[in-house]
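Residues per chain, in single letters:
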Amino acid sequence: MGTVDRKKQVLGAAAQSFSLFGYKATTMEQVAKIANVGKGTIYTFFDTKEQLFDEILHGVIFEMKTIIDREVDHGKPFFDNLFRVLDSLLEFRGEHELLIKLSQEVRDFGTPQSQEAMSRVESVILGYMEKEVRFAVEQHEIRECEPSVVAFLMLKMYVALTSEWNKQHQETLTKEEIRQHFRLFLEEGLSAK
């Protein structure tokens, strides 16, 4: 087996281990066992568990950026793009086992590495949103505003309505209800008209 194939094998096993056990409980021994390689093989590619984890997280972030690029269409209104991207990213995050496990680890243990990973994931989303808010302002689609503040509020509101709301209320909000709230509180307030 070639070096590239062996590295892919190690990365696949590590992604599986981190997804099943989280950052805290994953060991290089587990990764080696899942990959069916000697522990020394892992160290030919990665000096530490942190490096291995970082490589996997980098791949996840790349996937998220690909989703964003796929969903954004500057020929469509800002809020249409926003909803498409946020819906797609939320779906990706909800289906991606590593992100689910890291979220649980942050909530249950507050592991610094899992907190940092989730912070990096959120930074990608905020970076996209800030860039798109800035673009919408330049196109006079929305009024002048501080893009970083608006992006932060939009993301927090979206997360609150899609997941936090469910913890305190029996009925889950539909995507259309969430969009109506966004339109009421944000779209109308930011309207350039």
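Structural data are supplied above this passage.
No experiment lies behind these values; they were computed from the predicted model shown.

**Q** Any chance you could break down the overall build of the protein chain for me, citing the residues and the numbers?
**A** Broken down by element type, the protein chain carries nine helices and zero strands. Counted from the first residue to the last, the protein chain has its helices and strands arranged as α-α-α-α-α-α-α-α-α. If you line up the protein chain on its principal axes, its C-alpha atoms span 65 × 40 × 25 Å. Across the 193 residues of the protein chain, 38% fall into the buried class. Considering only contacts in the protein chain between residues 6 or more positions apart, those separated by 24 or more positions represent 62%. Roughly 11,100 Å² of accessible area belongs to the protein chain as shown, and the carbon and sulfur atoms make up 52% of that amount. Treating the 24 positive side-chain charges of the protein chain as one cloud and the 31 negative ones as another, the clouds have centres 4 Å apart.

**Q** An account of the pattern of salt bridges is requested, with residue identities and associated values reported.
**A** A complete count under the given rule lists eleven salt bridges for this structure. Taking the shortest distance from any N to any O, the salt bridge between Lys156 and Glu122 comes out at 3.2 Å. Pair noted here: Lys156 is in helix 8 (residues 147-168) and Glu122 is in helix 7 (residues 112-138), with a separation of 34 residues, a long-range link. Across the salt bridge formed by Glu164 and Lys167, the nearest N and O atoms sit 3.3 Å from each other. Of this pair, Glu164 and Lys167 both sit in helix 8, three residues apart, roughly one helical turn.

**Q** Which residues make up the packing of helix 7 against helix 8, and what values go with them?
**A** Axis angle and axis distance: for two packed helices, these are the angle between their axes and the distance between the axes, and together they describe the pair. Viewed as axis vectors pointing N to C, helix 7 and helix 8 meet at an angle of 125 degrees, and their least axial separation amounts to 8 Å. As far as their axial angle goes, helix 8 and helix 7 are oblique. In this structure, helix 7 crosses over helix 8, and the sense of that crossing is right-handed. In contact with Glu122, Ile125, Leu126, Met129, Glu130, Val133 and Arg134 of helix 7, helix 8 contributes Pro147, Ser148, Val150, Ala151, Phe152, Met154, Leu155 and Lys156.

**Q** For the environment of Glu116, give the residues involved together with the corresponding values.
**A** Within the secondary structure, Glu116 sits in helix 7. Classification of Glu116 by relative accessible area gives partly exposed; the value is 46%. Separated by 16 residues in sequence, Glu116 and Ile100 place their C-alpha atoms 15 Å apart.

**Q** Could you give me a rundown of helix 8, with the residues and numbers involved?
**A** In this model, helix 8 (22 residues) spans 30 Å end to end at C-alpha, consistent with the 32 Å of a helix rising 1.5 Å per residue. Most pronounced at Leu161, the bend in helix 8 amounts to some 45 degrees. Residues Pro147, Val150, Ala151, Met154, Leu155, Met157, Tyr158, Leu161 and Thr162 constitute the buried set of helix 8. Those residues of helix 8 hidden inside the fold are in contact with helix 5 (78-95), helix 7 and helix 9 (175-190).

**Q** With reference to specific residues and values, describe unusual backbone geometry.
**A** Not every positive phi belongs to a glycine, and Asn36 is a case in point at roughly 60 degrees. Position of Asn36 relative to the elements: it lies in the loop between helix 2 (28-35) and helix 3 (39-45). We note that His140 has phi near 60 degrees; this positive angle belongs to a residue other than glycine. Tracing the sequence through the fold places His140 in the loop between helix 7 and helix 8. Residue classification places His140 among the exposed residues on the basis of a relative accessible area of 65%.

**Q** I'd like to hear about the nonpolar core, residue by residue, with values.
**A** Leu52, Phe79, Met129, Met154 and Phe182 are the most contacted members of the largest nonpolar core, which totals 58 residues. Breaking this core down by element, the ones donating at least two residues are helix 1 (3-25), helix 2, helix 4 (49-71), helix 5, helix 6 (97-108), helix 7, helix 8 and helix 9. No other element matches the eleven residues that helix 7 contributes to this core. Every residue in contact with Phe79, bar those within four places of it in the chain, is listed here: Ile142, Met154, Phe182, Leu186, Glu187 and Leu190.

Procedures and definitions
- Residue positions are counted from 1 within each chain, in the order its sequence is given.
- In keeping with the predicted nature of the model, local features appear solely for residues at pLDDT of at least 70, side-chain atom pairs appear and are counted solely at 80 or more, and the whole-chain, interface and lining totals rest on all residues.
- Note that the side-chain values use all heavy atoms of the structure and ignore hydrogens as well as water.
- Under the DSSP-based scheme used, a helix requires at least four consecutive residues in state H or I and a strand at least two consecutive residues in state E, with every element numbered from the N terminus.
- Each residue is assigned to one of three classes by its accessible area relative to the maximum for its type, calculated with a 1.4 Å probe on protein chains only: buried under 20%, partly exposed between the two thresholds, exposed over 50%.
- Only heavy atoms matter for contacts: two residues are in contact if any of them lie within 4.5 Å across the pair.
- Computed by Shrake-Rupley with a 1.4 Å probe, the accessible areas treat only the displayed protein chains as cover when residues are assessed.
- None of His or the chain ends enter the tally, which takes Lys and Arg as positive and Asp and Glu as negative.
- By convention, charge coordinates are those of NZ in Lys, CZ in Arg, CG in Asp, or CD in Glu.
- Criterion for a salt bridge: a side-chain nitrogen of Lys or Arg within 4 Å of a carboxyl oxygen of Asp or Glu.
- Here an angle of 0 to 180 degrees is reported between the N-to-C directions of two axes, which are lines fitted to C-alpha atoms, with helices fitted over the stretch in contact.
- Working rule for angles: under 35 degrees goes down as roughly parallel, over 145 as roughly antiparallel, 65 to 115 as roughly perpendicular, anything else as oblique.
- Handedness of a crossing follows from how the near helix is turned relative to the far one, being left-handed for an anticlockwise turn of less than a right angle and right-handed for a clockwise one.
- A helix is expected to reach a length of 1.5 Å times the quantity of its residues less one.
- Bend angle per residue: angle between axes fitted to the 7 residues ending at that residue and the 7 residues starting there.
- Grouping buried Ala, Val, Leu, Ile, Met, Phe, Trp, Tyr and Cys residues that are joined through side-chain atoms within 4.5 Å yields what is termed a nonpolar core.

By themselves these figures say nothing about function.
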